[in-house]
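Each chain is listed here by its residues.
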Amino acid sequence: MPDPPARNTYRIEDLAHHTHTTVRTIRAYQDRGLLPRPERRGRANLYSDAHVTRLHQIAHLLDRGYTLASIKEVLDAWDTGRGLAGILGLVAEVEGPWTDEQPDRITRTELDARFGGTPDDDAVAEAVDLGVLEPVPGDPHTFLVPSPQELAVAAELHAAGVPLSAIAGHLRELRGQVEHIAARFLEFTTEYVFARYLADPDHRTDAHATEAASLVRRLRPLAQQTVDAELARAMRALATRQLRTHLAAQPSPQEPADTRTVPLPAETMDAVEKLVGRERVSAFIALAAEREVRARALDDLAASPHTCTGVHEMP
């Protein structure tokens, strides 16, 4: 019976050279659990062709845009016998774009023109820090705009008189609140939809991973649709309330600007409310008082000597 073929073995330096990587990277992958530990032989650590294959897999996934955290999930699926195709599809679906908006580019000259024509290096640096603008390598005069819609909103607010510093501060605050909403939506859908795929070993197959990816595609727009609807409802309610508050703070053209508060017995107020309704109490009391004042003025005029003489002298 022929002997089995000898396995290739590598010291860490040879493995790094063979896979076009570095010793430091190999050790980092081991610490993250992406790469199995080498076999210990005496005082030497030896790697095998399995390590070569794993390093090629990691490099391939990095080239496709996966993060190291998602790569570990993919490779764990591979090691436990789950289908790799379904897992790759699920990870790609989750890590893919969550909007149909297409990135754009803008030059520094165009950027300055959109924001009043006056260059503002501090504002540009703030926008880069927030991710509203991304520098283009090799072209210091051009920026990538991940969300042209977000940049357009900032330009409109600035044109309306909002300082750029205030816009940046508002965006930071808004981002924190939106991230909280996103986290709650993910917790909600995970609890009721995706828990069975994540917690149940029987649902960790290639077919179930594909099914989960399809669910992600179906549920993806629901978060934005829900937020859009609730934001519209809240904006209408709060804007109407705020407008009414500001209008109520101004004196009505039908009412005198200077008024006084007069205490009245509760029984009197109840009787007037029953008679004319609560919303007409103030007008009723004012008119009643005015009528009484005019009646007394008429009585005084009728009782004056000149009026009495004139009456007696009439033929």
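Summary of the structure given here. It should be emphasised that the depicted structure is a prediction, and the values quoted were computed from it without experimental measurement.

## What about the overall build of the chain?
Counting its secondary structure elements, the chain contains 13 helices and six strands. When each of the 315 residues of the chain is scored for burial, the buried share is 22%. When contacts within the chain are restricted to residue pairs at least 6 apart in sequence, long-range pairs at least 24 apart make up 53% of them. When the accessible surface of the chain is split by element, carbon and sulfur atoms take 57% of a total near 23300 Å².

## Concerning the sheet that holds strand β4 (residues 104-107)
The strand order across the open sheet built from three strands is β4-β6-β5, with neighbouring strands paired in antiparallel fashion. The outermost strands of the open sheet, each flanked by one partner alone, are β4 and β5 (134-136). Averaged over all neighbouring strand pairs, the angle between strand axes comes to 40 degrees, with direction disregarded. The pairing of β4 with strand β6 (residues 139-145) spans four bridges and is antiparallel. Within the sheet, the bridge partner assigned to I106 lies in β6 and is F143.

## Brief notes about the nonpolar core
The biggest cluster of nonpolar side chains holds 17 residues, and the ones touching the most others in it are L15, I26 and I71. Within the residue set of this core, elements represented by two or more residues are α1 (12-18), α2 (23-32), α3 (49-63) and α4 (68-79). In terms of residue count, α3 provides more of this core than any other element does, four residues in total. If we skip the residues at most four places from it in the chain, L15 touches Y10, I26, Y47, H51, V52 and L55.

## A word on the side chain of D112
Within the secondary structure, D112 is located in helix α6 (residues 108-114). Taking relative accessible area as the criterion, D112 reaches 14% and is therefore assigned buried. Not counting chain neighbours up to four residues away, the residues in contact with D112 comprise G117, T118, P119 and D120.

## Focus on the pattern of salt bridges
Opposite charge on two side chains lets them pair, provided their charged atoms get close. Scanning all chains against the criterion turns up eight salt bridges. A salt bridge links E39 to R41; the nearest nitrogen and oxygen atoms lie 3.3 Å apart. In this structure, R184 engages E187 in a salt bridge whose closest nitrogen and oxygen atoms are separated by 2.5 Å. Residue R184 and its partner E187 are located together in helix α9 (residues 164-199), separated by three residues, close to a single helical turn. One salt-bridge network, held together by shared partners, links R108, D112 and D121.

## Some details on helix α7 (residues 121-130)
Residues of α7 that are buried: V124, A127 and L130. Along the long axis of α7, the arc covered by the buried residues comes to 125 degrees, so they all point the same way. Opposite its buried face, α7 presents the exposed residues D121, D122 and D129, each directed more than 90 degrees away. Where α7 begins, the capping side chain belongs to D120, and its oxygen is found 3.3 Å from the backbone nitrogen of D122. Following α7 by one or two positions, G131 has its phi on the positive side, about 85 degrees.

## Quick word on a nonpolar patch on the surface
A surface patch of nonpolar side chains, about 350 Å² in accessible area, is lined by I181, V227, L231 and M235. At three residues, the largest contribution of residues to the nonpolar patch is made by helix α10 (residues 206-248). Position of I181 relative to the elements: it lies in helix α9.

## A word on the pairing of strand β3 (residues 44-48)
The buried fraction of β3 is high, at four of five residues. Of the strand pairs in this sheet, strand β1 (residues 9-10) and β3 are connected by two bridges, and their pairing is antiparallel. Across the sheet, Y10 pairs through a bridge with Y47, a residue of β3. Bridge count for strand β2 (residues 39-41) against β3 is three bridges, and the pairing is antiparallel. When the sheet's bridge partners are listed, R41 is paired in β3 with A44.

## As for the sheet that holds β2
Either a parallel or an antiparallel arrangement is found when strands of a sheet pair, and the pairing is made through backbone hydrogen bonds. Strand order across the open sheet formed by three strands is β1-β3-β2, with antiparallel pairing between neighbours. Two strands in the sheet have a free side with no partner beyond their single neighbour: β1 and β2. Relative to the sheet, α3 contacts β1 and β3, its axis offset from that of β3 by approximately 65 degrees.

## Side note on the packing of aromatic side chains
Under the definition given, this model contains one aromatic pair. Residues F188 and Y192 carry aromatic rings whose centres are separated by 5.3 Å and whose planes lie at 55 degrees to one another, so their mutual orientation is tilted. Of this pair, F188 and Y192 both sit in helix α9, four residues apart, roughly one helical turn. For Y192, a relative accessible area of 55% translates into the label exposed.

Procedures and definitions
- Positions within a chain are numbered from 1, following the residues in the order the chain's sequence is written.
- Owing to the predicted nature of the model, reporting of local features is limited to residues with pLDDT of at least 70; listing and counting of side-chain atom pairs is limited to 80 or more, with chain, interface and lining totals taken over all residues.
- Water and hydrogen atoms were dropped before computing side-chain values, which therefore reflect all heavy atoms in the structure.
- Elements are defined by DSSP. Helices are runs of H or I of four residues or more, strands are runs of E of two residues or more, and each kind is numbered from the N terminus.
- Working definition: with a 1.4 Å probe on protein chains only, accessible area under 20% of the residue-type maximum means buried, over 50% means exposed, and in between means partly exposed.
- Here, residues are in contact when the closest pair of their heavy atoms is within 4.5 Å.
- The method behind every accessible area is Shrake-Rupley, applied with a 1.4 Å probe, and residues are considered shielded solely by the protein chains displayed.
- We call two strands paired when DSSP finds no fewer than two bridges between them.
- Axes here refer to lines fitted to C-alpha atoms; in helices the fit is confined to the stretch in contact. Angles between the N-to-C directions go from 0 to 180 degrees.
- Each nonpolar core is a collection of buried residues, namely Ala, Val, Leu, Ile, Met, Phe, Trp, Tyr and Cys, held together in the definition by side-chain atoms within 4.5 Å.
- One side-chain nitrogen of Lys or Arg within 4 Å of one carboxyl oxygen of Asp or Glu is enough to make a salt bridge.
- Summarising the geometry, the arc corresponds to the directions from the helix axis toward the C-beta atoms.
- Any pair of N or O atoms that falls within 3.5 Å is considered a polar contact. Within protein, one atom must be able to donate a hydrogen and the other to accept it, and sequence-neighbouring residues count only if both atoms are side-chain atoms.
- Patches here: salt-bridge-free residues with over 30% relative accessible area, like charges joined within 9 Å, nonpolar side chains (Val, Leu, Ile, Met, Phe, Trp, Tyr) joined within 5 Å.
- Whether two aromatic rings pair depends on their centres lying within 6.5 Å, for rings of Phe, Tyr and Trp, where Trp uses its six-membered ring; planes under 30 degrees apart make the pair stacked, over 60 edge-to-face, and the rest tilted.

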